[in-house]
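If you want the building blocks of each chain, they are given just below.
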Amino acid sequence: QGQLVESGGGAVQAGGSLRLACTAAGMTVSINGRGWYRQAPGKQREWGATITTSSSTNYADSVKGRFTISRDNATQLVLLQMNSLKSEDTAVYYCNAYKYYRNTHFKLNYWGQGTQVTVSS
């Protein structure tokens, strides 16, 4: 019951744009925020962007100024607009939702299955 599902991945040339989307159908837990992570070949999964329930946003330095995370408050659809894509952006992108428990030092994460983004140079 409840799942995060990504869409919008694909292949694009360097300098191009893509928009990823994440639905949260059936997810009834009250979350504290949503985000996007990515995992490039041979690397660990890394955080890219976060949007809180109050709509404040944070971005990793690697994507700041190029990527924009947004959320539709009614449907909880979360988007990641990716512009000026570089070859180093090639990765599997994962939708994330998180919930704090006890206090903000403890976080429970929920994940989608990922969508492939390939940027050619």
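Residues numbered from 1 in each chain as written. Predicted model: local features only at pLDDT ≥ 70, side-chain atom pairs only at ≥ 80, totals over all residues. Heavy atoms only, no water.

Caption draft 1: The environment of Leu-20, seen in detail. Mapped onto the elements, Leu-20 comes out in strand 3 (residues 18-23). Of the residues examined, Leu-20 reaches a relative accessible area of 0% and is grouped as buried. Taking the C-alpha atoms as reference, Leu-20 lies 9.5 Å from Ile-69; in sequence the two are 49 residues apart. Setting aside anything within four residues of it in sequence, one finds Leu-20 in contact with Ser-7, Gly-8, Gly-9, Trp-36, Val-78, Leu-79, Leu-80, Met-82, Tyr-93, Thr-115 and Val-117. (Helix = DSSP H or I, 4+ residues; strand = E, 2+ residues; numbered from the N terminus. Buried < 20%, exposed > 50% of the residue type's maximum accessible area, 1.4 Å probe, protein only. Contact = heavy atoms within 4.5 Å.)

Caption draft 2: Spatial organisation of the sheet that holds strand 1 (residues 5-7). The strand order 1-3-8-7 describes an open sheet built from four strands, whose pairing is antiparallel. Sheet topology places strand 1 and strand 7 (67-71) at the edges, where each strand pairs with a single neighbour. Taken over all neighbouring pairs, the strand axes of this sheet differ in orientation by 15° on average, direction set aside. For strand 1 and strand 3, the ladder comprises three bridges, and the chain directions are antiparallel. Paired with Ser-7 across the two strands is Ala-21, which belongs to strand 3. (Pairing = 2+ DSSP bridges. Axes fitted to C-alpha atoms, helices over the stretch in contact; angles between N-to-C directions.)

Caption draft 3: Seen up close, the packing of aromatic side chains. Within this structure, the stated rule accounts for three aromatic pairs. Judged by centre distance (5.9 Å) and plane angle (40°), the ring pair of Tyr-101 and Phe-106 falls under tilted. Relative accessible area serves as the criterion here: at 38%, Tyr-101 is assigned to the partly exposed category. Judged by relative accessible area, Phe-106 falls into the partly exposed class, the value being 31%. One residue, Lys-107, lies across the ring of Tyr-98, its end atom 5.0 Å from the ring centre. (Phe/Tyr/Trp six-rings, centres within 6.5 Å; stacked < 30°, edge-to-face > 60°. Lys NZ or Arg CZ within 6 Å of the ring centre and 35° of its normal.)

Caption draft 4: The arrangement of the pattern of salt bridges in detail. For the coordinates displayed, the defined rule picks out four salt bridges. Between Glu-46 and Arg-38 there is a salt bridge, with the nearest N and O atoms lying 2.8 Å from each other. Taking the relative accessible area as the measure of exposure, Glu-46 reaches 36% and is therefore partly exposed. One salt bridge connects Arg-66 with Asp-89, and the closest N-O pair in it is separated by 2.7 Å. Linking Arg-66 in the loop between strand 6 (57-59) and strand 7 with Asp-89 in the loop between strand 8 (78-82) and strand 9 (91-101), this pair joins segments that are 23 residues apart in sequence. For the pair Arg-66 and Asp-89, one class covers both residues: buried. Within this structure, Arg-38, Glu-46, Arg-66 and Asp-89 form a network of salt bridges that share partners. (Salt bridge = Lys/Arg side-chain N within 4 Å of Asp/Glu carboxyl O.)

Bear in mind that shape data such as this cannot, by itself, settle questions of function.
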